[in-house]
Amino acid sequence: QVHLVESGGGLVQAGGSLRLSCTASGIIFRMNQMGWYRQTPGKQRELVATITSGGSTNYADSVKDRFTIAHDNAKNTVYLEMKSLKPDDTAVYYCNAKLTQMITGYKYDSWGQGTQVTVSS
């Protein structure tokens, strides 16, 4: 089993900043890719940013130049630094991890429980 624990959400005024963290634990694994997605009521979950084990990043157009994703492989943790936040960024943010179990080679596609980010105008 893989467990993802998220932290860092909250309420912030427009123009403010927040930092989300997500740590993976549970089995001995190799991280292939970790990322953040977000969802608002009535809408599909959408990609925010991803990062591979090698450090390659991908961002949604709506967050480019405002959000930065980074990872600490030693801590199995991924971070999302969010700046210049807008009310449209309000959503539940979910951590995603694509991992390979070292012993069996089994691939996991795991999700965190979500953390609320609310940006007031």
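Preceding this paragraph is the structure being described.
Residues numbered from 1 in each chain as written. Predicted model: local features only at pLDDT ≥ 70, side-chain atom pairs only at ≥ 80, totals over all residues. Heavy atoms only, no water.

K.L.:
Is there a simple way to explain the sheet that holds strand β8 (residues 77-82) in this structure?
P.N.:
Note on sheets: strands pair through backbone hydrogen bonds, and any given pair is parallel or antiparallel. Taken together, the 4 strands give an open sheet; going across it, the order is β1-β3-β8-β7, and neighbouring strands pair in antiparallel fashion. Of all strands in the sheet, those with a lone pairing partner are β1 (3-7) and β7 (67-72), marking the two edges. Here the strands of the sheet are splayed against their neighbours by 15 degrees on average, with no regard to which way each runs. Relative to strand β3 (residues 18-25), β1 runs antiparallel, the two sharing 5 bridges. In the strand pairing of β3, L4 is matched with A24. (Pairing = 2+ DSSP bridges. Helix = DSSP H or I, 4+ residues; strand = E, 2+ residues; numbered from the N terminus. Axes fitted to C-alpha atoms, helices over the stretch in contact; angles between N-to-C directions.)

K.L.:
Just to check I follow, could you spell out the state of the cysteines for this structure?
P.N.:
Here, disulfide denotes a covalent bond that connects the sulfur atoms of two cysteines. Enumeration over the complete set of coordinates arrives at 1 disulfide. C22 shares a disulfide with C95; S-S distance 2.0 Å. Taking the sign of the S-S torsion, -80 degrees for the link of C22 and C95, the bridge is left-handed. Here C95 lies in strand β9 (residues 91-101) and C22 lies in strand β3, a separation of 73 residues in the sequence. According to the relative accessible area criterion, C95 is buried, its value standing at 0%. (Disulfide = S-S within 2.5 Å. Buried < 20%, exposed > 50% of the residue type's maximum accessible area, 1.4 Å probe, protein only.)

K.L.:
Explain the packing of aromatic side chains here, please?
P.N.:
Aromatic rings in a pair are described by how distant their centres are and how their planes are angled relative to each other. Per the counting criterion, the structure on display carries 2 aromatic pairs. Centre to centre, the rings of Y37 and W111 are 5.1 Å apart; their planes meet at 65 degrees, and the pair counts as edge-to-face. Of this pair, Y37 sits in strand β4 (residues 29-39) while W111 sits in strand β10 (residues 107-111), and the two are 74 residues apart along the sequence. Directly above the ring of Y79 sits R19, whose terminal nitrogen or CZ lies 4.2 Å from the centroid. Lying across the ring of W111, R45 places its NZ or CZ 4.6 Å from the centre. (Phe/Tyr/Trp six-rings, centres within 6.5 Å; stacked < 30°, edge-to-face > 60°. Lys NZ or Arg CZ within 6 Å of the ring centre and 35° of its normal.)

Shape is all these values report; function is a separate question.
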